[in-house]
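Next come the chains, spelled out residue by residue.
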Amino acid sequence: MKKKRAARNPFDTAAFGKKYHYDGRDLGARYQSQSTTFRVWAPTARQVDLLLFTTGHQPETPRVLSMKRDSKGTWLLNVAGDLRNQYYRYRLLHPGRTDAVEAVDPYAVAVGANGDRAMIVDLRDTDPEQWSADKRPAPLRATDAVIYEAHVRDFTIHRSSGSACPGTYLGFGECGARGPGNVKTGVDHLVELGVTHVHLLPIADFASIDETSRKKQYNWGYDPKNYNVPEGSYATDPYDGRVRVREFKQMVQSLHEAGLHVVLDVVYNHTYHAVDSHLNHLVPGYYYRQNAEGGFSNGSGCGNETASDRTMVRKMMVDSLVHWVKEYHVDGFRFDLMGLHDLETMALIRKTLDGIAPGLLLYGEGWTGGDSPLPYERRAMKPNVSQLRHIAAFNDTLRDAIKGHVAEHHQGGFVQGVAGLEERLKTGLTASVRHPQIDVTGRDLWNSHWAKEPWHCVSYASCHDNHTLWDKIKLTTPGRSDAERLQMYKLAAAIVMTSQGIAFMHAGEELVRTKKGHENSYNLPDAINAIDWKRKVDHVDVFNYYRGLIALRKAHPALHMPGAAMIRKHLAFLPMPSAGMVGFCIDGAGVGDPAQWIVVLLNATGSRQTVQLPEKGWNVLVDGAKAGVKPLRRIKTDLAEVEPRSALVLAR
């Protein structure tokens, strides 16, 4: 029997787009003291009403005002009088239905508790002192970035953080906090560590936390509800919609004053609700992709996926990003499940943001959470990211080569001494660009030279997903001592910080962070997720090692070259005396580095190894115990001794 082909979705036709695509920049509520204008896009509705409330969450009978159909599928209403700090929703009737549905404005810029009512606000009321003078740190080339991925609550909620406002935006931006042994925490810790960018796990209003409850709750925030509003559970007052906006700005302001760039983790690929989402109530079926049966496709693994390839979804994404850049002065974005977004949308995002604030850092997950009806060749996947300009993808090839595949919990990687990973590690060390010394014959593009330029590649060993680096190493090394594991741990850090591409680390890596063996801690309590700052005292040697590696990377442009041609010309792999080793030499003089030559030797074996060097006379900058920019000692000969499970970085 011939399989019945699914009918083409009318939302995907050129006719629908031509008739209903709205180009205007006035969607949402436009407040003035004399009146407020409301415009919402709902082309398939037969009636739209504005509901006005005096509070953001209390039960009350709203004032109901009918909206008028306007251009390109929008509905419009101008309400006279000063509506400042009132709240609103939309009520809609759709053809073929007798029951009305309600929705929060997707262009809302402030909301009440739990994000169920949008707030009419003058955003200038939310600006902290000197906000107009806030300046982003000078833009960096993408490969100059060292990114620190952190969760707002995790960072200061533990009592050891010494924060006056633990678990909040204000706590995250707090200066002067001290932990056990008077160690620096918070912003001062980040400055001391030397990172350049702070990547915040999702802070856009999400659905899983009840902001009105005093019960302790936790979530990473990958369950979006309102895209243009900060999450209220990180604010000191979730009820007044202005507070979360002001306090988020205060955090950004503090980080900028410390010289740190702020990157937001954005989750446009799906919403927490599907059928009952605000978007689906506004235009049923439009904002989401459908499967062959006409239901919600599930490329996110969360029950739905948004349709970035439909023009008004694309516009919503771009407008939202522009809002975060203009209103909050943020410096970049990390795209969750970027593989669900189409290449055209991502290219437009880059172009649009370049016209506002050139040099913003853009990167994302180059994969999906499941299959999608979006054709593979149109997805912003890792193998397709080379078609995009200055947008990067995470290099899971390097991650898994370093410590073992994340889905195989008991499988180790190079640093644990697993054989046969040398070539795969080399692809990661070169930011997965084509290199003449790496044989990719018969290998899939996913794990070979998928990047065209090093700024296409984010180099990392761990992130919020899966086991922490320490927990993964511990899980894969039964019978080994913690001293041996810490050697492996430092070796992993040295690999990331000497890899080409964009350097990235998980918050707490530098403190040997553990989540007590839990892999997926997205909704687990603070006891699992909170950063325990006592570990900075217990593992001060590891902290200093990370600090030294970051300083080394920043001081030597040879370790983060901006172009693939430079990598191919100036980085050469060296012959190694044993399996379980990788070494390379960089012509520093050829790339403007202060060192004439740099050699990196990586020894994952359990034995001391002797390596023949290209020349005589080298300064040791990194070994298995210490790292930094000042020489630890000098090697006068052309032979280097590399200790077991360690890195050796030499310069001359």
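I will try to describe carefully the structure that is included in this document. Quick caveat: nothing in here was measured; it's all calculated off a predicted structure.

## Examining the nonpolar core
No. 1: Phe248 and Phe333 are the most contacted members of the largest nonpolar core, which totals 164 residues.
No. 2: The next biggest cluster of nonpolar side chains, apart from the first, holds 17 residues, and it includes Ala142, Ala145, Ile147 and Phe504.

## Some details on the sheet that holds strand S18 (residues 571-573)
Strand pairs in the sheet, formed through backbone hydrogen bonds, run parallel or antiparallel to each other.
No. 1: Taken together, 6 strands build an open sheet; the order of strands is S18-S19-S20-S25-S22-S23 and the sheet is antiparallel. The two strands at the open ends of the sheet, each matched to only one other strand, are S18 and strand S23 (633-635). Pairs of neighbouring strands in the sheet enclose a mean axial angle of 25°, with direction left out of account.
No. 2: Summarising the sheet, strand S19 (residues 581-587) and strand S20 (residues 597-603) pair through 7 bridges and their orientation is antiparallel. Across the sheet, Cys585 pairs through a bridge with Val599, a residue of S20.
No. 3: Strands S18, S19 and S20 of the sheet are contacted by helix H10 (residues 422-429), whose axis makes an angle of about 30° with S19.

## What about unusual backbone geometry?
No. 1: Backbone geometry places His390, a non-glycine residue, at a positive phi of 55°.
No. 2: Inspection of the secondary structure assignment puts His390 in the loop between strand S14 (361-364) and strand S15 (392-394).
No. 3: Of the residues examined, His390 reaches a relative accessible area of 33% and is grouped as partly exposed.
No. 4: One non-glycine residue, Lys516, lies in positive phi territory at about 55°.

## Some remarks on empty space enclosed by the protein
No. 1: Within this structure, the stated rule accounts for 4 cavities of 30 Å³ or more.
No. 2: Taken together, Pro202, Ile203, Ala204, Gly221, Pro224, Tyr227, Leu264, Asp265, Val266, Val267, Tyr268 and Trp324 make up the full set of residues lining the largest cavity.
No. 3: If you add up the space inside the second largest cavity, you get close to 70 Å³.
No. 4: Along its surface, the second largest cavity is lined by Leu27, Gly28, Arg39, Val40, Trp41, Asp105, Pro106, Tyr107, Tyr287, Met312 and Met316.
No. 5: Counting only elements with at least two residues in the lining of the second largest cavity, the list comes to strand S2 (35-41) and helix H7 (311-328).
No. 6: Here the lining of the second largest cavity gets 3 residues from one element, more than from any other, and that element is S2.
No. 7: The class makeup of the residues in the lining of the second largest cavity is 8 nonpolar, 1 polar and 2 charged.

## Some thoughts on the packing of H7 against helix H8 (residues 343-354)
No. 1: At their nearest, the axes of H7 and H8 sit 10 Å apart, and the two run at 30° to each other. For the element pair H7 / H8, the angle class is roughly parallel. Viewed along their axes, H7 and H8 form a crossing whose handedness is right-handed. The residues of H8 that touch H7, namely those facing Arg314, Met317, Val318, Leu321, Val322 and Val325, are Glu344, Thr345, Leu348, Ile349, Thr352 and Leu353.
No. 2: The residue inventory of the contact of H7 with H8, partitioned by class, reads 8 nonpolar, 2 polar and 2 charged.

## A short note on the pairing of S20
Here is the key point about a regular strand: its side chains alternate between the two faces of the sheet.
No. 1: Taken across its 7 residues, S20 has 6 buried, putting it largely inside the fold.
No. 2: Pairing of S20 with strand S25 (residues 646-651), which is carried by 6 bridges, proceeds in the antiparallel orientation. Each bridged residue has a counterpart across the sheet, and for Ile598 the counterpart in S25 is Ala651.

## Some words on helix H9 (residues 396-403)
No. 1: In terms of residue burial, H9 counts as a mostly covered element, since 8 of its 8 residues are buried.
No. 2: Within H9, burial applies to Asp396, Thr397, Leu398, Arg399, Asp400, Ala401, Ile402 and Lys403.
No. 3: Regarding H9, its N-cap is Asn395, as a side-chain oxygen of that residue lies 3.2 Å from the backbone nitrogen of Thr397 further along.
No. 4: Phi turns positive, to about 105°, at Gly404, one or two residues after H9.

## Section: the pattern of salt bridges
No. 1: Overall, the coordinates contain 45 salt bridges when judged by the stated rule.
No. 2: Two residues, Asp400 and Arg399, come together in a salt bridge whose shortest N-O distance is 2.8 Å.
No. 3: Exposure remark for Asp400: the relative accessible area of 14% places this residue in the buried category.
No. 4: The network of salt bridges with shared partners includes Arg124, Asp127, Lys249 and Glu327.

About the cut-offs
Residues numbered from 1 in each chain as written. Predicted model: local features only at pLDDT ≥ 70, side-chain atom pairs only at ≥ 80, totals over all residues. Heavy atoms only, no water. Core = buried A, V, L, I, M, F, W, Y, C linked by side-chain atoms within 4.5 Å. Buried < 20%, exposed > 50% of the residue type's maximum accessible area, 1.4 Å probe, protein only. Pairing = 2+ DSSP bridges. Helix = DSSP H or I, 4+ residues; strand = E, 2+ residues; numbered from the N terminus. Axes fitted to C-alpha atoms, helices over the stretch in contact; angles between N-to-C directions. Contact = heavy atoms within 4.5 Å. 1 Å grid on protein atoms, 1.4 Å probe; cavity = no way out; pocket = protein on both sides within 12 Å on 5 of 7 lines; lining within 4 Å. Points joined across faces, edges and corners; volume = space filled by probe spheres on them. Nonpolar A, V, L, I, M, F, W, Y, C, P; charged D, E, K, R; others polar. Parallel < 35°, antiparallel > 145°, perpendicular 65-115°, else oblique. Left-handed = near helix turned anticlockwise from the far one by under 90°. Polar contact = N/O pair within 3.5 Å; in protein donor to acceptor, adjacent residues only side chain to side chain. Salt bridge = Lys/Arg side-chain N within 4 Å of Asp/Glu carboxyl O.

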